[in-house]
Amino acid sequence: GQQLNQSPQSMFIQEGEDVSMNCTSSSIFNTWLWYKQDPGEGPVLLIALYKAGELTSNGRLTAQFGITRKDSFLNISASIPSDVGIYFCAGREASGAGSYQLTFGKGTKLSVIP
Amino acid sequence: DAGVIQSPRHEVTEMGQEVTLRCKPISGHDYLFWYRQTMMRGLELLIYFNNNVPIDDSGMPEDRFSAKMPNASFSTLKIQPSEPRDSAVYFCASSLSGSLNTEAFFGQGTRLTVV
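Let us look at the structure shown here. Throughout, a residue's number is its position along its own chain's written sequence, starting from 1. Chains and ligands are labelled sequentially in the order written, the chains with letters from A and the ligands with numbers from 1. Per-residue local features of the predicted model are confined to residues with pLDDT of at least 70, and side-chain atom pairs are confined, for both listing and counting, to 80 or more; whole-chain, interface and lining totals are unaffected and use all residues. Side-chain descriptors were evaluated using all non-hydrogen atoms of the structure, hydrogens and water having been removed beforehand.

**Observations concerning the state of the cysteines**
Covalent bonding between the sulfur atoms of two cysteines is what defines a disulfide. Residues and elements named next belong to chain A. We count it as follows: Defined by distance alone, a disulfide is two cysteine sulfur atoms within 2.5 Å. Numbering of helices and strands runs from the N terminus; a helix is a DSSP stretch of H or I covering at least four residues, while a strand is a stretch of E covering at least two. To sort residues, take the accessible area from a 1.4 Å probe on protein chains only and compare it with the maximum for the residue type: under 20% means buried, over 50% means exposed, and anything in between is partly exposed.
In total, this model carries 2 disulfides over all chains according to the counting rule given. Two residues, C23 and C89, share a disulfide whose sulfurs are 1.7 Å apart. Residues C23 and C89 are joined by a disulfide whose S-S torsion is about -80°; by sign, that bridge is left-handed. Of the two residues, C23 is situated in strand 3 (residues 19-25) and C89 in strand 9 (residues 85-93); the sequence distance between them amounts to 66 residues. On the basis of relative accessible area, C23 is assigned to the buried category, the value being 0%.

Below, the structure written as structure tokens:
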């Protein structure tokens, strides 16, 4: 099936630093989603993107739907300790059957050093 | 809204036993998804339903796995017989169809350990 390449796999940053992570696909997507997963919990939706070029913010988080529709990035500004967790990108292909099926990246594990 | 509710949160069972995982989707959502999460493979879609009908079960690993959705507010994922390699966290998610707001909302998961 479709694979998403998410990078980096893990990050160690100092509190207060900005963070950037991204996802790329080989197919065109019509939806990009970013989730955060805390230990022992399910993924929680952070930002949803539905149009190429769309730039959306949620507090200190900003995500963009790439113009080519094959990539997306997530930025976190001024990181704080509670940002620790695993961030997943997810996308939905633009064509065909199973149009409500999401494909997930492998995740970016973020560690914030106080 | 209570969100997606899964039970049990944790399950430890012996190899060969039957395991049943349960899910109550968000009221009004017409899509329900079952995912499995492992360190090696990440989040994998097992099966999903639309209006209680299974649409795509190509992710179900083997015939030992089966899923049902008898009504709009309940679904089960059954493994019979269970094996140690089935140990993982199983997530249920639901979403509402439409041109927007098609995000999937996840439950807290069931951590399954087969010994």
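**With respect to the interface of chain B and chain A**
Note the cut-off: By definition, residues are in contact when any of their heavy atoms lie within 4.5 Å. By definition, the buried area sums, over both parts, the 1.4 Å-probe accessible area that each loses when the two are put together. Note on definitions: salt bridges are taken to be side-chain nitrogens of Lys or Arg within 4 Å of carboxyl oxygens of Asp or Glu. Any pair of N or O atoms that falls within 3.5 Å is considered a polar contact. Within protein, one atom must be able to donate a hydrogen and the other to accept it, and sequence-neighbouring residues count only if both atoms are side-chain atoms.
Each side of the interface is counted separately: chain B has 23 residues, and chain A has 20 residues. In total, chain B and chain A occlude about 1,700 Å² of area from one another, counting both sides; carbon and sulfur atoms represent 54% of this. Linking chain B with chain A are 0 salt bridges. For the pair chain B and chain A, the interface holds 6 residue pairs in polar contact (both at pLDDT 80 or more). Those elements giving two or more residues to the side of chain B that touches chain A turn out to be strand 4 (31-38) and strand 5 (42-50) of chain B.

**Examining the pairing of strand 1 (residues 4-7) of chain A**
Residues and elements named next belong to chain A. Threshold: Strands were regarded as paired on the criterion that DSSP finds at least two bridges between them.
Across the two faces of strand 1 the burial differs, with L4 and Q6 buried and N5 and S7 not buried at all. Summarising the sheet, strand 1 and strand 3 pair through 4 bridges and their orientation is antiparallel. What sits directly across from S7, in strand 3, is N22.

**A few points about the packing of aromatic side chains**
This is how it is decided: Aromatic pairing here means that ring centres of Phe, Tyr or Trp (its six-membered ring) are within 6.5 Å. Orientation follows from the plane angle: under 30 degrees is stacked, over 60 is edge-to-face, and everything else is tilted.
For the structure shown, the criterion picks out 12 aromatic pairs over all chains. When the ring of F104 of chain A is compared with that of Y35 of chain B, the centres are 5.4 Å apart and the planes differ by 85°; the resulting orientation is edge-to-face. Separated into two different chains, F104 of chain A in strand 10 (residues 103-104) and Y35 of chain B in strand 4 make up a pair that spans both. Judged by centre distance (6.2 Å) and plane angle (15°), the ring pair of Y31 of chain B and F33 of chain B falls under stacked. Of the two residues examined, Y31 of chain B and F33 of chain B, each falls in the buried class. Taken together, the ring pairs in this structure connect Y35, F88 and F104 of chain A together with Y31, F33, Y35, Y48, F91 and F106 of chain B into an aromatic cluster.

**With respect to unusual backbone geometry**
With an omega of -5°, the peptide bond running from S7 of chain A to P8 of chain A counts as cis. Mapping P8 of chain A onto the fold places it in the loop between strand 1 and strand 2 (10-14). Following S7 of chain B, the chain continues to P8 of chain B via a peptide bond in cis, the omega torsion being -10°. On the secondary structure map, P8 of chain B appears in the loop between strand 1 (5-7) and strand 2 (10-13). Of note in the backbone geometry, A78 of chain A takes a positive phi value of approximately 50° without being a glycine. With respect to the helices and strands, A78 of chain A occurs in the loop between strand 8 (71-76) and strand 9. We classify A78 of chain A as partly exposed; its relative accessible area is 36%. Of note in this structure, N51 of chain B is not a glycine but carries a positive phi near 50°. If you trace the backbone, N51 of chain B turns up in the loop between strand 5 and strand 6 (53-56).

**Observations concerning the pattern of salt bridges**
This model, assessed by the stated rule, comprises 10 salt bridges over all chains. Among the salt bridges present, the one from D38 of chain A reaches K36 of chain A, with a minimum N-O distance of 3.3 Å. Look at D38 of chain A and you get partly exposed, because its relative accessible area is 33%. Between R60 of chain A and D83 of chain A there is a salt bridge, with the nearest N and O atoms lying 2.8 Å from each other. With R60 of chain A in the loop between strand 6 (55-58) and strand 7 (61-65) and D83 of chain A in the loop between strand 8 and strand 9, this pair connects stretches of sequence that are 23 residues apart. The exposure class assigned to D83 of chain A is buried, which follows from its relative accessible area of 5%. One continuous salt-bridge network, built from bridges that share partners, spans E62, R64, E83, R85 and D86 of chain B.

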